[in-house]
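The chain contents come next:
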Amino acid sequence: MLTNIYKFFFKPLFDITVSLISFIILLPIFLLVIILLLIFNDGNVFFFQARPGRHCRIFKIIKFKTMNDRRDSAGELLSDAERLTGLGKFIRKTSLDEIPQLLNVIKGDMSLVGPRPLLIEYLPLYNIVQQKRHEVRPGITGWAQVNGRNAISWKQKFEYDVWYVTNISFLLDIKILFLTVKKIFKSEGISSSTSATMEKFAG
């Protein structure tokens, strides 16, 4: 009963309140990153992509654009590692690319804490247990993020996501937010062992 009160009433209120305050505080940094990307990223500032949210409802996630759009001779995009700019690496390392997602939280598409919103193309690949990650709003950070982020396997990532959905609570969310700040300062788990970001999920 108390879990449901938190999940459906207090958590959304907490998300919007904290996100509004955080966005106001971070506004100078937000504007500075925009200016830097306008100068050093060929004017490309934001990255928009359709992602599945709660109950698989599709929304547009907003992030700072950390990669350029360079292509090979065949017109195909180069690898993530080749397109990740120097400025982009710094923005990702400090997690500044996540700041615009506070707007997603304010809009109600996301939560501060929850399973990360993944690609739409992965939806048909989930098994019944993995699909439980969509019972809550996706988060800017989550239990999988503070337990390895992109450095853990997809199997581990989904296990952490489902565990969070089953054990969601206010104290757990506070713990995850605290651990997230700690991870940002340590710059841990940003890349997998074989990729600049994370290998694609194959089911």
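Everything discussed here concerns the structure shown above.
What comes next concerns the included structure. (Residues numbered from 1 in each chain as written. Predicted model: local features only at pLDDT ≥ 70, side-chain atom pairs only at ≥ 80, totals over all residues. Heavy atoms only, no water.)

**What about the overall build of the protein?**
Thought 1: A tally of regular secondary structure across the protein gives six helices and four strands.
Thought 2: Ordered by position from the N terminus, the helices and strands of the protein form the series α-β-β-α-α-α-β-β-α-α.
Thought 3: Here the C-alpha radius of gyration of the protein, 17 Å, is about what a compact globule of 203 residues would show, namely 17 Å.
Thought 4: Going through the 203 residues of the protein one by one, you find that 45% of them count as buried. (Helix = DSSP H or I, 4+ residues; strand = E, 2+ residues; numbered from the N terminus. Rg over C-alpha atoms; globule rule 2.2 N^0.38 Å. Buried < 20%, exposed > 50% of the residue type's maximum accessible area, 1.4 Å probe, protein only.)

**Thoughts on unusual backbone geometry**
Comment: phi is negative for the bulk of residues other than glycine, and the bulk of peptide bonds are trans.
Thought 1: One non-glycine residue, His 55, lies in positive phi territory at about 60°.
Thought 2: Along the polypeptide, His 55 turns up in the loop between β1 (46-52) and β2 (58-64).
Thought 3: Using a relative accessible area of 59% as the deciding quantity, one classes His 55 as exposed.

**Section: the pattern of salt bridges**
Thought 1: Enumeration over the complete set of coordinates arrives at nine salt bridges.
Thought 2: The salt bridge involving Arg 57 is made with Asp 109; its shortest N-O contact spans 2.9 Å. Linking Arg 57 in the loop between β1 and β2 with Asp 109 in the loop between α4 (101-107) and β3 (111-113), this pair joins segments that are 52 residues apart in sequence.
Thought 3: Judged by relative accessible area, Arg 57 falls into the partly exposed class, the value being 46%.
Thought 4: Its relative accessible area of 9% is what places Asp 109 among the buried residues. (Salt bridge = Lys/Arg side-chain N within 4 Å of Asp/Glu carboxyl O.)

**A closer look at the pairing of β1**
Put simply, side chains in a regular strand alternate between the two faces of the sheet.
Thought 1: One ladder, built from seven bridges, connects β1 with β2; its direction is antiparallel. Bridge pairing in β2 places Ala 50 opposite Lys 60.
Thought 2: Between β1 and the antiparallel strand that follows it, β2, lie five residues; His 55 among them carries a positive phi value of about 60°. (Pairing = 2+ DSSP bridges.)

**Quick look at the environment of Arg 57**
Thought 1: Along the backbone, Arg 57 and Asp 109 are 52 residues apart, and their C-alpha atoms lie at a distance of 8.9 Å.
Thought 2: Apart from residues lying up to four places away in sequence, Arg 57 is in contact with Arg 51, Pro 52, Gly 108 and Asp 109.
Thought 3: Separated by 2.9 Å, the side chains of Arg 57 and Asp 109 make a polar contact. (Contact = heavy atoms within 4.5 Å. Polar contact = N/O pair within 3.5 Å; in protein donor to acceptor, adjacent residues only side chain to side chain.)

**Examining the nonpolar core**
Thought 1: Among the nonpolar cores identified, the biggest contains 28 residues, and Phe 64, Tyr 164 and Ile 176 are the most heavily contacted of them.
Thought 2: Broken down by secondary-structure element, the contributors of at least two residues to this core are α1 (2-40), β2, α4, β3, α5 (154-167) and α6 (170-186).
Thought 3: Top contributing element to this core by residue count: α1, with seven residues.
Thought 4: Among residues more than four places away in sequence, those in contact with Ile 176 are Val 113, Thr 141, Gly 142, Trp 143, Val 146 and Tyr 164.
Thought 5: One finds Leu 118, Leu 119, Tyr 122 and Phe 158 within the second-largest nonpolar core, a separate group that totals eight residues. (Core = buried A, V, L, I, M, F, W, Y, C linked by side-chain atoms within 4.5 Å.)

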